[in-house]
Amino acid sequence: MSEGTLPLYEVFVRAKRGLSHVHVGSVHAPDATMAVRNARDLYTRRQEGVSIWVVAAADIVASSPDEKDSFFDPAGDKVYRHPTFYNVPEDVEYL
Amino acid sequence: MSDNGTGGTFSAQAASASYLLGLGDDALVYAQSLGSWLTWAPALEEEMALANVALDLIGQARPLLTLVGQLDGTGRSEDDLAYQRDERDFHNVHLVEQPRGDFAREMARMLWFAAYHRELYGALRASTEPTLAAIAAKALKEVRYHFDHASQWVVRLGDGTQESHERMSAALSWAAPYVDELFEDDSSSVSAAGTGLGVLPSTLRPAAQVAVEAVVTQATLTLPPPSRWRSRGGRDGVHSEPMGALIAEMQHLARAHPTATW
């Protein structure tokens, strides 16, 4: 059972109630159940979390670095998408 | 502690200390054994898992040994007890002092030991000694995880390939002769159970056995029949051959520099 034969899982940890799960790293494991346990041992040693998700790395569909130009650059000059052109009324505290 | 097991003149307090020494030494020595997996585990993730278990066990051994030093009247610290005793003064069972075998053996050992530990600490939460009850309450959560970890692997190896099935089966046969000693009522545990501080090991066996059998069955394995030979004597300080080397490795730094601090 060399490490090379074990599939890779991406690990997401929720730090506390109310926060979302955040990607913290990856683990090798024979299956998802063991991946959760390995993640517990590797990524919550110092009480970093209250919940763990794992996802098989092979199941993640990602954008490609080659597509960076067409994917992300077109948003660069569209400053009007940032909600900074409104005057916030004084009495509205939490907008 | 040299008069352990001779009965008669044994005070209740000394018996309690002797009982606790067995519990503390089981945890300490098993932690040392698990430490030998560092750089040898099948995967980095598993190495971390085994080290975590070992650290849990050291965390249990420390307050137990401290309590021993308070109860036996010698005032020895946890470090005195861990590093300044000779082999015959250790009261751990033989199972935990066996050297690292293959990974299946380690999981067989952890399955049995954690099953025992779960029942032990579950019962000790009701100890009349408040410190021991508190140690047990904290440790129970840890050893539940140890049992889970071992269960996961025993099932995967037993219900895995032909090779892993055979090796897991062989590992259970290897561990079997060491199991009886875990659940044996020696004089100090009888005395400690009598005062309400401790619990009779034999009363822990039925539940531990059921838990182990459930895992073994799920792993498509069967427990081996009783072996002709079984280990005995650990609680009286009589150990198997690997114990000397284990103690030497564990103690050599502290013995070479007796008053060193860092």
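This text goes with the structure placed above it.
This one's a predicted model, so the numbers in the text were calculated from it and none came from an experiment.

A. Representation of the packing of helix 1 (residues 12–35) of chain B against helix 8 (residues 187–195) of chain B within the structure. All names here are of chain B. As a packed pair, helix 1 and helix 8 sit with axes 8 Å apart at the nearest point and diverge in direction by 115°. Classed by the angle they form, the pair helix 1 and helix 8 counts as roughly perpendicular. Remark: the crossing between helix 1 and helix 8 carries left-handed chirality. Along its contact with helix 1, which presents Ala12, Ala15, Ser16, Ser18 and Tyr19, the element helix 8 presents Ser188, Ser189, Ser191, Ala192 and Thr195. Across the contact of helix 1 with helix 8, the residue classes tally to 4 nonpolar, 6 polar and no charged.

B. Representation of the interface of chain B and chain A. Counting from both sides, the interface comprises 14 residues of chain B and, opposite them, 15 residues of chain A. Summing both partners gives a buried area of about 1500 Å² for chain B against chain A, and 56% of it is carried by carbon and sulfur. Contact with chain A buries surface across chain B, with B:Glu45, B:Tyr145 and B:Arg156 losing the most and accounting together for 39% of the total. There are 2 salt bridges connecting chain B and chain A. Put simply, A:Asp31 and B:Arg156 hold a salt bridge, and the shortest N to O gap is 2.6 Å. For the pair chain B and chain A, the number of links is 6 residue pairs in polar contact (both at pLDDT 80 or more). Going through the elements one at a time, helix 2 (44–71) and helix 5 (130–158) of chain B are the ones with two or more residues in the side of chain B that touches chain A. Classifying every residue of the side of chain B that touches chain A gives 8 nonpolar, 3 polar and 3 charged.

C. How the structure looks around the packing of aromatic side chains. Residue and element names in this part refer to chain B. A complete count under the given rule lists 9 aromatic pairs over all chains for this structure. When the centroid spacing of 5.6 Å and the interplanar angle of 85° are considered together, the rings of Tyr116 and Phe183 count as edge-to-face. Residue Tyr116 is found in helix 4 (residues 103–124), and its partner Phe183 is found in the loop between helix 7 (179–182) and helix 8; the two are separated by 67 residues along the sequence. Of the residues examined, Phe183 reaches a relative accessible area of 5% and is grouped as buried. For the pair Tyr178 and Trp229, a centre-to-centre distance of 5.7 Å together with 85° between the ring planes defines the contact as edge-to-face. Of this pair, Tyr178 sits in the loop between helix 6 (162–175) and helix 7 while Trp229 sits in the loop between helix 9 (205–218) and helix 10 (242–256), and the two are 51 residues apart along the sequence. According to the relative accessible area criterion, Tyr178 is buried, its value standing at 10%.

D. Local environment of the packing of helix 5 of chain B against helix 6 of chain B. Residues and elements named next belong to chain B. For the pair helix 5 and helix 6, the least separation of the axes is 7 Å and the interaxial angle reads 125°. As the angle between them shows, helix 5 and helix 6 are arranged oblique. Packed against helix 5, whose contacting residues are Val154, Arg156, Leu157 and Gly158, the element helix 6 presents Ser164, His165 and Met168 at the interface.

E. Just the sheet that holds strand 2 (residues 22–28) of chain A, in detail. All names here are of chain A. Read across the open sheet, the 3 strands follow the order 2-1-3; overall the sheet is antiparallel. Strand pairing shows two members of the sheet lacking a second neighbour, strand 2 and strand 3 (51–56), which therefore form its edges. Here the strands of the sheet are splayed against their neighbours by 30° on average, with no regard to which way each runs. In this sheet, strand 3 lies alongside strand 1 (residues 8–14) in antiparallel orientation, the contact comprising 6 bridges. In the sheet register, Phe12 faces strand 3, and the bridge partner there is Trp53. Against the sheet, helix 1 (residues 32–43) engages strand 1, strand 2 and strand 3, with an angle of about 115° to strand 2.

F. Just the pairing of strand 1 of chain A, in detail. Bridge analysis of strand 1 of chain A against strand 2 of chain A gives 6 bridges, and the strand direction is antiparallel. Considered in strand 2 of chain A, the bridge of A:Tyr9 is made with A:Val27.

G. Representation of the side chain of B:Gln251 within the structure. Residue and element names in this part refer to chain B. Inspection of the secondary structure puts Gln251 in helix 10. Separated by 2.9 Å, the side chain of Gln251 and the backbone oxygen of Arg85 make a polar contact. Not counting residues up to four positions away in its chain, the partners in contact with Gln251 are Ala82, Tyr83, Gln84, Arg85 and Phe90.

H. Quick peek at the side chain of B:Ser189. Residues and elements named next belong to chain B. Relative to the helices and strands, Ser189 resides in helix 8. On the accessibility criterion, Ser189 (1% relative accessible area) is buried. Side-chain polar atoms of Ser189 contact the side chain of Asp186, separated by 2.7 Å. In this structure, Ser189 is in contact with Tyr19, Glu184, Val199, Leu200 and Pro201, ignoring residues within four places of it in sequence.

I. Representation of helix 5 of chain B in the model. Residue and element names in this part refer to chain B. The end-to-end C-alpha distance of helix 5 is 41 Å, a good match for the 42 Å that 29 residues give at a rise of 1.5 Å each. The axis of helix 5 is deflected most strongly, by about 35°, at Ala139. Within helix 5, 21 of the 29 residues are buried, leaving the element largely enclosed by the surrounding structure.

J. Structural view of the pattern of salt bridges. Residue and element names in this part refer to chain B. Evaluation of the coordinates by the stated rule reveals 16 salt bridges over all chains. We note a salt bridge from Glu163 to Arg167, for which the minimum N-O separation is 3.3 Å. Remark: Arg167 and Glu163 occur in helix 6; sequence separation between them is 4 residues, near one turn of the helix. Given the relative accessible area of 42%, Arg167 is considered partly exposed. Between Asp180 and Arg205 there is a salt bridge, with the nearest N and O atoms lying 2.7 Å from each other. Linking Asp180 in helix 7 with Arg205 in helix 9, this pair joins segments that are 25 residues apart in sequence. Using a relative accessible area of 24% as the deciding quantity, one classes Arg205 as partly exposed. Residues joined in a network through salt bridges with shared partners are Asp102, Glu163 and Arg167.

Rules of the game
- Residues numbered from 1 in each chain as written.
- Chains lettered and ligands numbered in written order.
- Predicted model: local features only at pLDDT ≥ 70, side-chain atom pairs only at ≥ 80, totals over all residues.
- Heavy atoms only, no water.
- Axes fitted to C-alpha atoms, helices over the stretch in contact; angles between N-to-C directions.
- Helix = DSSP H or I, 4+ residues; strand = E, 2+ residues; numbered from the N terminus.
- Parallel < 35°, antiparallel > 145°, perpendicular 65-115°, else oblique.
- Left-handed = near helix turned anticlockwise from the far one by under 90°.
- Contact = heavy atoms within 4.5 Å.
- Nonpolar A, V, L, I, M, F, W, Y, C, P; charged D, E, K, R; others polar.
- Buried area = accessible area lost by both parts, 1.4 Å probe.
- Salt bridge = Lys/Arg side-chain N within 4 Å of Asp/Glu carboxyl O.
- Polar contact = N/O pair within 3.5 Å; in protein donor to acceptor, adjacent residues only side chain to side chain.
- Phe/Tyr/Trp six-rings, centres within 6.5 Å; stacked < 30°, edge-to-face > 60°.
- Buried < 20%, exposed > 50% of the residue type's maximum accessible area, 1.4 Å probe, protein only.
- Pairing = 2+ DSSP bridges.
- Expected span 1.5 Å × (residues − 1).
- Bend = angle between axes of the 7 residues up to and from the residue.

Remember that the coordinates give geometry; whether it matters functionally is a separate question.
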